[in-house]
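Residue strings, one per chain:
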Amino acid sequence: MAKKLLEIKNLKQYFNEGKKNEVRAVDDITFDIYKGETLGLVGESGCGKSTTGRTIIRLYNATGGEVIYDGIDVHNKKSKKDLKMFNRKMQMIFQDPYASLNPRMKVLDIIAEGLDIHGLVKGTKERTARVNELLETVGLNREHANRYPHEFSGGQRQRLGIARALAVEPEFIIADEPISALDVSIQAQVVNLLKELQEEKGLTYLFIAHDLSMVKYISDRIGVMYFGKLVEIGPAETLYTAPLHPYTQSLLSAIPLPDPNYERNRVRKGYDPKSHKYLDDEEVTMREVTPGHFVLCSQREFDSFKKA
Amino acid sequence: MTNNLEKLPKDSFERITIDSTHAEKITKPSLSFWQDAWLRIRKNKAAIISMFILAFIVIMAFVGPYMVKFDPQEVNVTHANLPPKIPGLEKWGIADGQGKLGTKTLDIYEVKKIDEYYWFGTDSLGRDLFSRLWMGTRISLYIALVAAIIDVFIGVLYGGISAYYGGRTDDIMQRIVEVLIGIPTLVIVILMLLVMEPGIWAIIIAISITGWIGMSRIVRGQVLKFKNQEFVLAAKTLGASDSRIIGKHLLPNIMAIIIINMMFTIPTAIFFEAFLSFIGLGLQAPAASLGTLINDGYKFLEYQPHMLFFPAVLISLLMIAFNLIGDGLRDALDPKMKD
Amino acid sequence: MEKVIEVKNLELSFHTFAGEVKAIRGVNFEVNKGETLAIVGESGSGKSVTTKSIMRLLPESSTEFKNGEILFGGKDLLKISEKEMQKVRGKDISMIFQDPMTSLNPTMPIGRQIMEPLLKHQKLSKADARKKSIELLGLVGMPKPELRMKQYPHQFSGGQRQRIVIAVALACNPKLLIADEPTTALDVTIQGQILELMKDLQQKIDTSIIFITHDLGVVANVADRVAVMYGGQIVEVGTVDEIFYNPQHPYTWGLLSSMPSLDAAEDKLYAIPGTPPDLLAPPKGDAFALRSEYALKIDLEQTPPMFKVSDTHYAATWLLHPDAPQVDPPVGIVERMKTFPGSRYYTGNAGGAN
């Protein structure tokens, strides 16, 4: 099996901790990301998938748990130099192509921001050359460098965001719903670009989304989140053909497909957390049903999964 | 549905390959935010006219006092209480030096045997009102501008720090502001002016001492809004320092609102200065500001209406011009703020 | 079949600082009684503007209707007075928006919001309106409707709010319901519930629906007929099966191909290159030609007319002209066409036609 690039252990992110309105956005989740793979993270809005991504990249300070990148705990590093190193290795692509680019900066300066912060280029000439190179990587051209973000369409902006992330030559990219704000015809452009870049540069992705069909397409493995908990994680194919957790099943049964015949015969499944009928003394944890396929379940459920 | 289709030449149905890079082309000319705003404000006639009026007033505030040979502070009792007399206009019956003397209306310049023309007349001490008016405008504008700059400086700093660092810092800083707002401004001002020597700086400090609060609140709101925007988060994930985030990402984005707000702060300050002078807390004679001139003029309203007329018109023009420019800027810089 | 609404040759422009935006450039369609017409398109294709012009919800100061008419119940909605229009809105035609929170008044209990159109348009007494409202809430699947009448919008979840909005919209049994991306803001599982609800209600009260969305999966689920919009024009219209299994316009091909299917493991997604046209300066000829790999010379010169494919199916592409060369659609589309009797790729047996 490939090398573990990122280990997330018992990660917790509580907002308003200890107060009456405490929100457990991320509640004790554990998973690994292997080098060169794409891990898809799906779930409905408010399930904590975006918070997970943002906590991993340290936009929020974790309430508890560890994020270990290449053997080093990201959250315990204090020196500025180490932090900067992580900033280069780990990058993020954001959801809203309209909010993720500073409207008062030229494209040139937006993309070059990482270069400037980390001192990766010397002199204006090299800076411009590098930006042009990055623009071409994402399918735009040098004429675009002197324009402002508002002149671009949604898909083009999202590609600018990708170019900005690529500027510091990261190894690992968190894509936080990068396509959900885009039109269908543009989504495919962005997803193809991400795939190409992965092959070219050997990138590792954490791909956060609620669109299950796209996630299935781009991911090697998929994790499903429900109310701050990871309920099921496994190889993409297995998860789609043989989902075990009832929530995953419900989610899969709801994906709209562009196929009227299928839609006419669709059977939707609901999910009610009470249907598990967990007893008080039952321990509900992640258990490995088949190699690499983990489900949040009790021992009783685990046994029945094994039998099936 | 099928009209004239037969007439089409066959070769027009050849397949062609379109260069896909063509589709990425942006045809619109590249405009920065400020260029775009300028295009918009140019279409706003009221704002443009106001800009010209304001420019005229500012130029006159500097040039005006030197256009006549009289010193704005020189007392000349024999020339007291003269009505306006302007060469050229006198034939038309306006500004012809006619004034009431007792019950009769006569040319007072002739009566007093004065050859000079006092364009806007003189006051009760015989000081030339034309030069005094522009002198006063200059001082009023100066006070307002300095006060507005101090407001912006303190307000942006205070609101910015409060919002950017958030949490406990924000809590404490906002409680302080709430206490300050609770004290009536006039009380603070009167106390200030009792302690300090009356003069320009006393007034500036009096205006700024609570004036920055409005600005700080606006800046705080804006920073709170922008600091969680994705482009700021993106800068953070790239490892940007606080100063970079503030200087490159936050400030340029809230600049428009700061400028708009300043456009409304200036006339408020002018008015507040006039108000202080009017109630006698402002500048002391012989210095003049629009407020002191109005105060002087109002005392002689019945006999010498021109003394009130000119400074009152000027202050009104200033207020309207600044407000219209502010409105125009708001529409141009931040179209969403209209509603 | 009885036509509920007919839009004829609609053309309209917005006047902006940058110039004239030709948002709709000649749109024709009709909705029959009891059917659901889905309008699909990307943002900026004019799909929302079309329906907003039916409701006359566009800002009057900057909108210019250049041409066309919208016939509803024998009247041209573009010509009647604002007063008459107010009677049409909410009574004969009602609308559901994308964000349920913004279409409900946060300071008013939901019961009163449902009663409002009943009191205004149907002149019911307060007690009757109340009874009807509770009935409506029950109809849209709200548990314990009597208790929930007094609650405020913020006390409901997103899906429940959309149910309330639907209840408000259906209060007066409208002849036409316009739903503008009603499920886009919702999660997939909730989205499914709302779609099922709308289909269910449509059968019960026999209303026609115009359903605007960019999600082809949703279209496949709800629509009877589909109109595909691009660059301010309808480029293809047909029954849902015709559009999904026998599409003719290259843009429809592109849209359908760019969605990954769940079972097939494509190596690369089909992506439409470039970006949608700028309607400040719409391209000459076929607006999609610049992004199409099937472009013909004539596409750059003349706008294609609607070619008839079948009685219900029309598409605006020069590829359907008798003189046009035969082209093969993308692989995924050919696969779809194989299942459609009447398409040239249809084969009862397995294996491709070419």
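Up top you'll find the structure we're talking about.
Residues numbered from 1 in each chain as written. Chains lettered and ligands numbered in written order. Predicted model: local features only at pLDDT ≥ 70, side-chain atom pairs only at ≥ 80, totals over all residues. Heavy atoms only, no water.

### Let's talk about the overall build of chain C
The number of helices and strands found in chain C is 12 helices and 12 strands. Over its C-alpha atoms chain C spans a radius of gyration of 22 Å, differing by no more than 12% from the 20 Å that the globule rule assigns to 354 residues. Its C-alpha atoms give chain C principal-axis dimensions of roughly 65 × 45 × 40 Å. Here the analysis covers contacts within chain C between residues at least 6 apart in sequence; of these, 63% occur between residues at least 24 apart. When the accessible surface of chain C is totalled, it reaches about 14,600 Å², and 51% of it is carbon and sulfur. (Helix = DSSP H or I, 4+ residues; strand = E, 2+ residues; numbered from the N terminus. Rg over C-alpha atoms; globule rule 2.2 N^0.38 Å. Contact = heavy atoms within 4.5 Å. Areas by Shrake-Rupley, 256 points an atom, 1.4 Å probe, with all protein chains shown as cover.)

### Some points on the interface of chain C and chain A
Each side of the interface is counted separately: chain C has 39 residues, and chain A has 34 residues. Carbon and sulfur atoms supply 57% of the area buried between chain C and chain A, which totals about 3,100 Å² over both sides. Across the chain C-chain A interface, the total number found is 2 salt bridges. A salt bridge links aspartate 241 of chain C to arginine 264 of chain A; its shortest N-O distance comes to 3.2 Å. Across the chain C-chain A interface, the total number found is 12 residue pairs in polar contact (both at pLDDT 80 or more). Put simply, the parts of the chain that give the side of chain C that touches chain A at least two residues each are helix H8 (188–205), helix H9 (216–222), helix H10 (240–245) and helix H11 (250–257) of chain C. Within the side of chain C that touches chain A, the residues separate by chemical class into 18 nonpolar, 10 polar and 11 charged. (Buried area = accessible area lost by both parts, 1.4 Å probe. Salt bridge = Lys/Arg side-chain N within 4 Å of Asp/Glu carboxyl O. Polar contact = N/O pair within 3.5 Å; in protein donor to acceptor, adjacent residues only side chain to side chain. Nonpolar A, V, L, I, M, F, W, Y, C, P; charged D, E, K, R; others polar.)

### Regarding the packing of aromatic side chains
Enumeration over the complete set of coordinates arrives at 18 aromatic pairs over all chains. Each ring, one from tyrosine 226 of chain A and one from tyrosine 271 of chain A, has its centre 5.1 Å from the other, and the planes form 85°; the classification is edge-to-face. Residue tyrosine 226 of chain A is located in strand S9 (residues 221–226), and its partner tyrosine 271 of chain A is located in the loop between helix H10 (260–264) and strand S11 (285–290); the two are separated by 45 residues in the primary sequence. Ring centres of phenylalanine 130 of chain B and tryptophan 134 of chain B lie 6.2 Å apart, and the angle between their planes is 75°; on these two criteria the pair is classed as edge-to-face. Note that phenylalanine 130 of chain B and tryptophan 134 of chain B are positioned in helix H4 (residues 129–165) at a spacing of 4 residues, about one turn of the helix. (Phe/Tyr/Trp six-rings, centres within 6.5 Å; stacked < 30°, edge-to-face > 60°.)

### A few points about the sheet that holds strand S10 (residues 233–239) of chain C
All names here are of chain C. One open sheet accounts for 8 strands, arranged S6-S7-S8-S3-S9-S10-S12-S11; its pairing is mixed. Two strands close off the open sheet at either side, each with one partner strand: strand S6 (93–96) and strand S11 (307–308). Direction of pairing for strand S7 (residues 176–180) relative to strand S8 (residues 208–213): parallel, over a ladder of 5 bridges. Bridged to isoleucine 178 within S8 is isoleucine 210. (Pairing = 2+ DSSP bridges.)

### A look at the packing of helix H2 (residues 45–63) of chain B against H4 of chain B
For any two helices packed against each other, one specifies the inter-axial angle together with the distance between the axes. All names here are of chain B. Between H2 and H4, whose axes approach to 8 Å, the crossing angle comes to 115°. For the pair H2 and H4, the crossing hand works out as left-handed. Contact with H2, carried on its side by Ile57, Val58, Met60, Ala61 and Phe62, involves Phe130, Trp134, Thr137, Arg138 and Leu141 of H4 and no other residues of that element. (Axes fitted to C-alpha atoms, helices over the stretch in contact; angles between N-to-C directions. Left-handed = near helix turned anticlockwise from the far one by under 90°.)

### Quick notes on the pattern of salt bridges
Taken as a whole and assessed by the stated rule, the structure comprises 41 salt bridges over all chains. Across the pair arginine 54 of chain A and aspartate 176 of chain A runs a salt bridge, and its minimum N-O distance is 3.8 Å. In this pair, arginine 54 of chain A is assigned in helix H1 (residues 49–56) and aspartate 176 of chain A in strand S7 (residues 172–176), connecting sequence segments 122 residues apart. Residue class for aspartate 176 of chain A comes out buried when judged on its relative accessible area of 2%. Across the pair glutamate 82 of chain C and arginine 56 of chain C runs a salt bridge, and its minimum N-O distance is 3.6 Å. Linking glutamate 82 of chain C in helix H2 (residues 82–88) with arginine 56 of chain C in the loop between helix H1 (47–54) and strand S4 (63–72), this pair joins segments that are 26 residues apart in sequence. Residues joined in a network through salt bridges with shared partners are Asp109, Glu113, Asp116 and Arg127 of chain A together with Arg244 of chain B. (Buried < 20%, exposed > 50% of the residue type's maximum accessible area, 1.4 Å probe, protein only.)

### Here's the deal with the sheet that holds S7 of chain A
All names here are of chain A. Taken together, the 8 strands give an open sheet; going across it, the order is S6-S7-S8-S3-S9-S10-S12-S11, and neighbouring strands pair in mixed fashion. Two strands close off the open sheet at either side, each with one partner strand: strand S6 (90–93) and S11. Here the strands of the sheet are splayed against their neighbours by 20° on average, with no regard to which way each runs. Examined bridge by bridge, S7 and strand S8 (residues 204–209) share 5 bridges and lie parallel to one another. Considered in S8, the bridge of alanine 175 is made with phenylalanine 207. Packed onto the sheet, helix H9 (residues 246–254) meets strand S3 (38–42), S9 and strand S10 (229–235) and runs at close to 105° relative to S9.

Fair warning: the whole summary comes from geometry, so function is off the table for now.
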